[in-house]
2 protein chains.
Amino acid sequence: MANATIRDVAKRAGVGVATVSRVLNDSTAVSPTTRLKVQTAIAELNYSPSPIARRLSLGRTLTIGVIAPFFIRPSYVERLRGVEAALSDSEYDFIIYNVETITRRNDCFHDVPRQERVDGLLIMTLTPTDEEVDYFVQSGMPTVLIDSRHHHLSHVMIDDVAGGYQATRHLIDLGHRKIGYISDLLQESPFGFRPVADRYEGYRQALADAGIEFCPEYHRQGELSRREARRLAQELLTLPDPPTAIFAYSDTQAFGVLRAAQDLGLKVPEQLSVIGYDDIEIAEFLHLTTVRQHLYESGVRGAELLLSEIANPLSRPQEIVLPTTLVKRDTTAPPLFT
Amino acid sequence: MANATIRDVAKRAGVGVATVSRVLNDSTAVSPTTRLKVQTAIAELNYSPSPIARRLSLGRTLTIGVIAPFFIRPSYVERLRGVEAALSDSEYDFIIYNVETITRRNDCFHDVPRQERVDGLLIMTLTPTDEEVDYFVQSGMPTVLIDSRHHHLSHVMIDDVAGGYQATRHLIDLGHRKIGYISDLLQESPFGFRPVADRYEGYRQALADAGIEFCPEYHRQGELSRREARRLAQELLTLPDPPTAIFAYSDTQAFGVLRAAQDLGLKVPEQLSVIGYDDIEIAEFLHLTTVRQHLYESGVRGAELLLSEIANPLSRPQEIVLPTTLVKRDTTAPPLFT
DNA sequence: GAACCGTATGGAACCGGTTCCAATCAGGTC
DNA sequence: GACCTGATTGGAACCGGTTCCATACGGTTC
């Protein structure tokens, strides 16, 4: 009763193993009669082929690896959901390498390609160095970046410069001139997240285009958490000349800002406008004005890109840029005194 | 430069493949001299063994499957994080089978065990039928349930009866007598989630113990979403004799209740007490009183249970019950008129 | 009827590990 | 010095698929 093998099937059907294999992969040239015999034998033995043996003889793992700083932000869950959806129709499984420390990041980047565990790599938000990219290319590992960018690798990028611009511009259009920005760590972050620099650039650009001088005091950086954002917002709002609006790098941080406003008795949006980024699920509930990223779609597109890369290893790197959308809700309004 | 095999290493070290294998698995009896020669060769060739070949010859996949209704609740992310942490030290990978429809559930339960893709199965919240359990046992697939229960399978259970009791009891202790309950679908849910029945039982028990008669009108059921919970709460709060407190099956639903209160101009907690369940991250931010489940830990314990089950296939099913904790915040208070 | 061709088919090598089993060797005993 | 024992070691079979290559066969074509 133990699992039947392809040889058992061959014997029972009175054919060779090669023929059974041909039927399984419905490849070329099997006569209808033989095919039927084989299919009957398969059914009778309740046979199903071993994926592992298949992988070994194909020399492919039929698995893709997803490297993600998985849990530190709700947005990753949404991306992974997209990846899962795109892969569930294919013959590929995926395994997740969760990265929460810089050591783990380096281990993943170094080990996963050489262990022959996966046929392709999907990297989220983390940006490999040029050296690391060389290493991927050299080991022939198809690699696709999501929410990150490298000119030697295909990637699905969110246009965070535009997103940062959009957010800032929205505040400017409402009449704000004193616009604070609370972001993730720009320089010191060990992970070097690309969006951090891009959104900042968008912010600066929008200010410049509107002829507003950038005020370094209005830009605060800190670890991406609600608590830290709350602290930074408190600093901003207790300046002698505080901003009338705050753009937060993420919705999570925007919630920290809202809390700081509440602590100080400031009414939102009357006395302070707040805009976030991501449009995670809870943002709608809290009426947060924010910039929506197409998280789910970025996962789908990234996975599709990777599958096509695996199929055609020599294709040139492709770039997909997903737009962002301003979602106006109730936390932004014109400033009190214009 | 293509990947070296164990035979290349053997040749280079001037030993047999069996010896190399012995060094790799640091098994019995290799002389220090030989071991060194082999290790040198491995280093020189930058060799790393193929997990796939290893799996084939071991007859084990070194992979465990996690079947989870993954994304419909933030709580699963937290559980999976625990699973990941517990497995990252082991030689096991895991792959996720996301279940969002009943068809997919059945497919997973049926196909995953027989495809020889995994050495063990971790099932979250979903409860297999007796038939399905027989099938798992018969196919020799070690299976562990998390947040679910079956007497033939090891499982990590949350004591949801106690949790439901705790929540209700807290409201009673504050002086409430009219306590509404908004839950997930009790009967009709195609998935048959165990916690739904258990929390309800805890609710009923607490009422009974306090000598409060259960009022069917105060119990509303609906699909687990904020929107639906908001609608149900609206119904409850516009009853001729509305409840003074509402217990929600999940934090997500509690947020819907809060919104309904806001819509109706009811002050929380002065005019309405609200208690949730789960203690997801955002609950703290919104000052929601809730019942905390040890989500992360449930993932860790479940994975550990499964690993030990894989190691000792004949061990008897174990049960782990995790407690729940009442987390008092700002959405519950004594009723206005006692 | 022989030469030829394309389609079906089976045997066997191969993927890269693990492990059984037999062989070798060093050291100790009588 | 022959013999025994236990520690090392290498060869080869095996895991269960895929696929190259050779063969068999039915049908044309001259």
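In what follows, the structure referred to is the one given above.
Residues numbered from 1 in each chain as written. Chains lettered and ligands numbered in written order. Predicted model: local features only at pLDDT ≥ 70, side-chain atom pairs only at ≥ 80, totals over all residues.

1. So, the nonpolar core
The biggest cluster of nonpolar side chains holds 79 residues, and the ones touching the most others in it are I246, A248 and V257 of chain A together with I246, A248 and V257 of chain B. Not counting the four nearest positions on each side in its chain, I246 of chain A is found in contact with G180, I182, A233, L236, V257, L272 and V274 of chain A. (Core = buried A, V, L, I, M, F, W, Y, C linked by C-beta atoms within 7 Å. Buried ≥ 20, exposed ≤ 12 C-beta atoms within 10 Å, placed from the backbone. Contact = placed C-beta atoms within 7 Å.)

2. A look at the protein's contact with DNA strand C
In the vicinity of DNA strand C, 27 residues are found, and the nearest of them are G16, A18 and A29 of chain A together with I6 and S21 of chain B. Sorting the residues of the surface near DNA strand C by element identifies α2 (17-24) and α4 (51-58) of chain A together with α2 (17-24) and α4 (51-58) of chain B as the ones contributing at least two each. Split into classes, the residues belonging to the surface near DNA strand C amount to 14 nonpolar, 11 polar and 2 charged. (Near = placed C-beta within 6 Å. Helix = DSSP H or I, 4+ residues; strand = E, 2+ residues; numbered from the N terminus. Nonpolar A, V, L, I, M, F, W, Y, C, P; charged D, E, K, R; others polar.)

3. A few points about the sheet that holds strand β9 (residues 273-275) of chain A
All names here are of chain A. Pairing within the open sheet is parallel, and its 4 strands lie in the order β7-β6-β8-β9. Looking at strand neighbours, the two that pair on one side only are β7 (219-221) and β9, the edges of this open sheet. Taken over all neighbouring pairs, the strand axes of this sheet differ in orientation by 15° on average, direction set aside. Where strand β8 (residues 245-248) lies against β9, 3 bridges are found, and the strand directions are parallel. (Pairing = 2+ DSSP bridges. Axes fitted to C-alpha atoms, helices over the stretch in contact; angles between N-to-C directions.)

4. A closer look at the packing of helix α1 (residues 6-13) of chain A against α2 of chain A
Residue and element names in this part refer to chain A. In the contact formed by α1 and α2, the axes pass within 8 Å of each other and the chain directions differ by 105°. Judged on the interaxial angle alone, α2 and α1 are roughly perpendicular. Note on element contacts: α2 touches α1 through V17, V20 and S21, opposite I6, R7, V9, A10 and A13. For the contact of α1 with α2, the class distribution of residues is 6 nonpolar, 1 polar and 1 charged. (Parallel < 35°, antiparallel > 145°, perpendicular 65-115°, else oblique.)

5. Examining the relation of the copies chain A and chain B
Of the transformation superimposing chain A on chain B, the axial component is 0.0 Å and the angular component is 180°, with the fit at an RMSD of 0.2 Å. Interpreted geometrically, this transformation is the action of a two-fold axis. In terms of proximity to the rotation axis, the leading residue of chain A is I95 of chain A, whose C-alpha is 2.5 Å off the axis. Comparing contact sets, 100% of the residues at the interface of chain A also lie at the interface in chain B, consistent with an isologous, same-surface contact. (Least-squares fit on C-alpha atoms with pLDDT ≥ 70 in both.)

6. Points about helix α11 (residues 251-263) of chain A
Residues and elements named next belong to chain A. Between its terminal C-alpha atoms α11 stretches 18 Å, which fits the 18 Å expected from 13 residues at 1.5 Å a residue. Most of α11 sits out of view: 10 of its 13 residues are buried. Here α11 has its buried residues at D251, T252, Q253, A254, F255, G256, V257, L258, A260 and A261. After α11 finishes, the residue G265 shows a positive phi value of roughly 70°. (Expected span 1.5 Å × (residues − 1).)

7. A few points about the interface of chain A and chain B
With 26 residues of chain A in contact, the opposing surface of chain B contributes 27 residues. When residues of the side of chain A that touches chain B are traced back to their parent elements, those giving at least two are α4, α5 (74-88), β2 (93-98) and α12 (281-285) of chain A. Considering only residue class, the side of chain A that touches chain B consists of 12 nonpolar, 6 polar and 8 charged.

8. Observations concerning the packing of helix α1 (residues 6-13) of chain B against helix α3 (residues 32-45) of chain B
All names here are of chain B. Running from amino to carboxyl end, α1 crosses α3 at an angle of 125°, the nearest separation of the two axes being 9 Å. Judged by the inter-axis angle, α1 sits oblique to α3. Read as a crossing pair, α1 and α3 show a hand that is right-handed. Residues D8, V9, R12 and A13 of α1 pack against K37, V38, A41, I42, E44 and L45 of α3. Taken together, the residues that form the contact of α1 with α3 break down as 6 nonpolar, no polar and 4 charged. (Left-handed = near helix turned anticlockwise from the far one by under 90°.)

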